[in-house]
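# Close look at the chain arrangement
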Amino acid sequence: MDNRIFEIRWHGRGGQGAKTAALLFGDAALSTGKYIQAFPEYGPERMGAPVQSFNRISSEPIRLHSGIENPDVVLVLDVTLIGQVDVTKGLDEGKGVLIVNTPLTAEEMKKKLGYDGKVCTVDASAIATDTIGKNIPNTPMIGALVKVTGILGIDELLEDTKIKLEKKFRNRPEIVEGNLKAIERAYNEVKGV
Amino acid sequence: MKAAKTGNEAFAEAMRQINPDVVAAYPITPATEVVQIFSQFVADGLVKTEFVAVESEHSAMSACIGASAAGARAMTGTSSQGLALMWEMLYIAGGLRLPIVMAVVNRALSSPINIHCDHSDSIGARDSGWIQLFSENVQEAYDNIIQAVRIAEHPDVNLPIMATTDGFILSHCLETLDMLSDEDVRSFVGDIPERSTLVKSLREGKPITLGALDLQDYYFEHKRQSAEGMFNAMKVIPEIGKEFAKTFGREYGFFEAYKLADADAAILVMGSTSGTAKDVVDTMRAEGKKVGLVKLRVYRPFPAQMLAQALSGIKALGIMDRAEGMSAVSGPVYPEICAALYDLPGKKPVVQDYIYGLGGRDVSLNDIRYIFDEVLKSAQTGKKAYTLKYVGVRE
């Protein structure tokens, strides 16, 4: 009902950082002067279980506190969720975008999904393994999200993420550096934009 | 300063800025983070608070009562079963006129066991002598708990107070929060005003007894005086709200009337759903439908006369109740609104009740729109179609 609010849904498995991705992205959007919400869906919390988290971003204050039913963008952190979880649920085939962590091309992914809307792909797991040394695909997915939607500038995102991660990993600069590289690479490598 | 904070972080940050003398708490989902984050502030030396890690919520409230009776500014936080376990101590805090401030994260009561939001926990504590403030969003939760200190400690009130958030919907939702500076909060809450306390009585060499046996001879007088505190809160709550507005720019009263002035149909609701409902009001207004909203902030004391006044012009009203009253009539807010409207002269609005969102069931824009459509129908006919409907349940 409110077109000014941009809504995002993240799919992942417990432990992959879907919640952290929504929080980081929300925080970065706030630092650019936008109003934000970031909230996880709390079900049974188990490592590896399918989980979701959400963002709302707007240039006006956000009053909505209902669940997100028709997201503008859906991100899939774990390709093995496809077939188990209805990742395109509520996504408008005309206007919506699905971003999947996979080495497949956008066309191949579309065929696999049997979905006619816009699909973008990025090998976030490979990027994370290269840059961070671990398969933590959440930060590169934020880079892909920013490229696909243009909702934030990449420089703003990198700057804010650097500040946030430097606080969290004070004594481990290689983690900060790795994450920033991961975001930048995903931004440049996402396919189907 | 604009910051991204969850409801729980906002409560904890406000508590850090208030810097109470004592916090006694026991963890419970979804309120755990409030006292967990705060305990980190204690460990980091950011506050001078004595943190008492107790073995249950009953003990948490007991410790707050002891601290507050001695003269300290005492705070705690809890949810659901935790609040239920505090039950007998809630009444003792109220009866002893102790201005304890509690962050309550609203969560459904068992059984069946559930960790998500409804208002049954704090509404169940309705008659315990605690002031209750509900919050629409993270900002209001933060603002409410800061004002709560001043309201509770006002010499004419001296009653415990709870500020609430909707569990998970606000407690775990990162939102944009306009945070005040530590100095501003400190200067707004100030020092705890002079009152009759155990420490003071000993210092002055005139020891007092608190919680003594009080039979047919005086119990009634003391209850009457507690009630007087609640009557006085009717004056103090808007005063503190105005002072807060003067200092920080956001004004708070008993309720917010949203596009109500010329409305034919309105919804009355508490907590986070009121924000969602405002968006529905705007959408329906754009379609030419005369709908409005009342967001009830203060549930205790109950602003009956002011609500009746505000609602006197509308034709039909839907109450959204996020608790099951188990009365075989309606949810708990409905009868109080009806009672408030009963004294209006002339034609009164038709009132219908809608129980929704129990155990965290999501309430969508369409659910709220359905309620508005139902209430608009009754506004047109001028007749009550029914007393109660359940919205968003499978039956």
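Conventions used here
Residues numbered from 1 in each chain as written. Chains lettered and ligands numbered in written order. Predicted model: local features only at pLDDT ≥ 70, side-chain atom pairs only at ≥ 80, totals over all residues. Heavy atoms only, no water. Pairing = 2+ DSSP bridges. Helix = DSSP H or I, 4+ residues; strand = E, 2+ residues; numbered from the N terminus. Axes fitted to C-alpha atoms, helices over the stretch in contact; angles between N-to-C directions. Contact = heavy atoms within 4.5 Å. Domains from an automatic or database assignment. Buried area = accessible area lost by both parts, 1.4 Å probe. Salt bridge = Lys/Arg side-chain N within 4 Å of Asp/Glu carboxyl O. Polar contact = N/O pair within 3.5 Å; in protein donor to acceptor, adjacent residues only side chain to side chain. Nonpolar A, V, L, I, M, F, W, Y, C, P; charged D, E, K, R; others polar. Buried < 20%, exposed > 50% of the residue type's maximum accessible area, 1.4 Å probe, protein only.

## Digging into the sheet that holds strand 1 (residues 6-13) of chain A
In spatial order, the strands read 6(A)-5(A)-4(A)-1(A)-3(A)-2(A)-8(B)-1(B); together these 8 strands make up an open sheet with mixed pairing. This sheet does not close on itself; its edge strands, each paired only once, are strand 6 (118-122) of chain A together with strand 1 (2-5) of chain B. Across this sheet, the average inter-strand angle for adjacent strands is 20°, counted without regard to direction. With 4 bridges joining them, strand 1 of chain A and strand 4 (residues 73-76) of chain A adopt parallel strand pairing. Residue pairing for strand 4 of chain A: arginine 9 of chain A is matched across the bridge by valine 74 of chain A. Relative to the sheet, helix 7 (residues 138-153) of chain B contacts strand 1 and strand 8 (174-178) of chain B, its axis offset from that of strand 8 of chain B by approximately 50°.

## Digging into the domain arrangement of chain B
Residues and elements named next belong to chain B. For chain B, the assigned domains read domain 1 (2-248) and domain 2 (255-391). The C-alpha-based centres of domain 1 and domain 2 are spaced at 28 Å. Contact with domain 1, which involves 27 residues of that partner, is made by 28 residues of domain 2. Summed over both partners, the interface of domain 1 with domain 2 comes to about 2,100 Å²; 59% of that surface belongs to carbon and sulfur atoms. Taken together, domain 1 and domain 2 are joined by 3 salt bridges. Measuring nitrogen to oxygen at the nearest pair gives 2.5 Å for the salt bridge that ties lysine 295 to glutamate 140. There are 13 residue pairs in polar contact (both at pLDDT 80 or more) connecting domain 1 and domain 2. Every element with two or more residues in the side of domain 1 that touches domain 2 is listed here: helix 6 (120-124), strand 6 (131-133), helix 7 and helix 10 (219-248). Of all the elements, helix 10 adds the most residues to the side of domain 1 that touches domain 2, at 4 residues. Residues of the side of domain 1 that touches domain 2, tallied by class, amount to 13 nonpolar, 8 polar and 6 charged.

## What to know about the pattern of salt bridges
Pairs can form between side chains of opposite charge once their charged atoms are near each other. All names here are of chain B. Taken as a whole and judged by the stated rule, the model has 37 salt bridges over all chains. Across the salt bridge formed by lysine 235 and aspartate 156, the nearest N and O atoms sit 3.5 Å from each other. Highlighted residues: lysine 235 in helix 10 and aspartate 156 in the loop between helix 7 and strand 7 (161-166), separated in sequence by 79 residues. The closest approach of N and O atoms between aspartate 282 and lysine 259, which form a salt bridge, is 2.8 Å. Placement of the pair is aspartate 282 in helix 11 (residues 273-286) and lysine 259 in the loop between strand 9 (255-258) and strand 10 (265-269), with a sequence separation of 23 residues. The exposure class of aspartate 282 is partly exposed, given its relative accessible area of 26%.

## Side note on the side chain of aspartate 78 of chain A
All names here are of chain A. Locating aspartate 78 in the fold gives a position in the loop between strand 4 and strand 5 (97-101). The exposure class assigned to aspartate 78 is buried, which follows from its relative accessible area of 12%. Of note is the side chain of aspartate 78, whose polar atom sits 2.7 Å from the side chain of glutamine 16. Here the side chain of aspartate 78 touches threonine 80 through a polar contact of 2.6 Å, side chain to side chain.

## Points about the pairing of strand 3 (residues 50-58) of chain A
Residues and elements named next belong to chain A. For strand 3, the tally of buried residues reaches 7 of 9 residues, placing the bulk of the element in the interior. Relative to strand 3, strand 1 runs antiparallel, the two sharing 8 bridges. Looking at the pairing, arginine 9 lines up with phenylalanine 54 of strand 3. Bridge count between strand 2 (residues 35-40) and strand 3: 6 bridges; the pairing is antiparallel. In the strand pairing of strand 3, tyrosine 35 is matched with serine 58.

## Let's talk about unusual backbone geometry
Residue and element names in this part refer to chain B. In this structure, the amide linkage connecting threonine 29 to the following residue, proline 30, adopts the cis form with an omega of 0°. Its location among the elements puts proline 30 in the loop between strand 2 (22-25) and helix 2 (32-43). The linkage connecting arginine 300 with the following residue, proline 301, adopts the cis geometry, with an omega of -5°. Within the fold, proline 301 resides in the loop between strand 12 (298-300) and helix 12 (304-311). Not every positive phi belongs to a glycine, and arginine 97 is a case in point at roughly 60°. Along the chain, the position of arginine 97 falls in the loop between helix 5 (87-95) and strand 5 (101-106).

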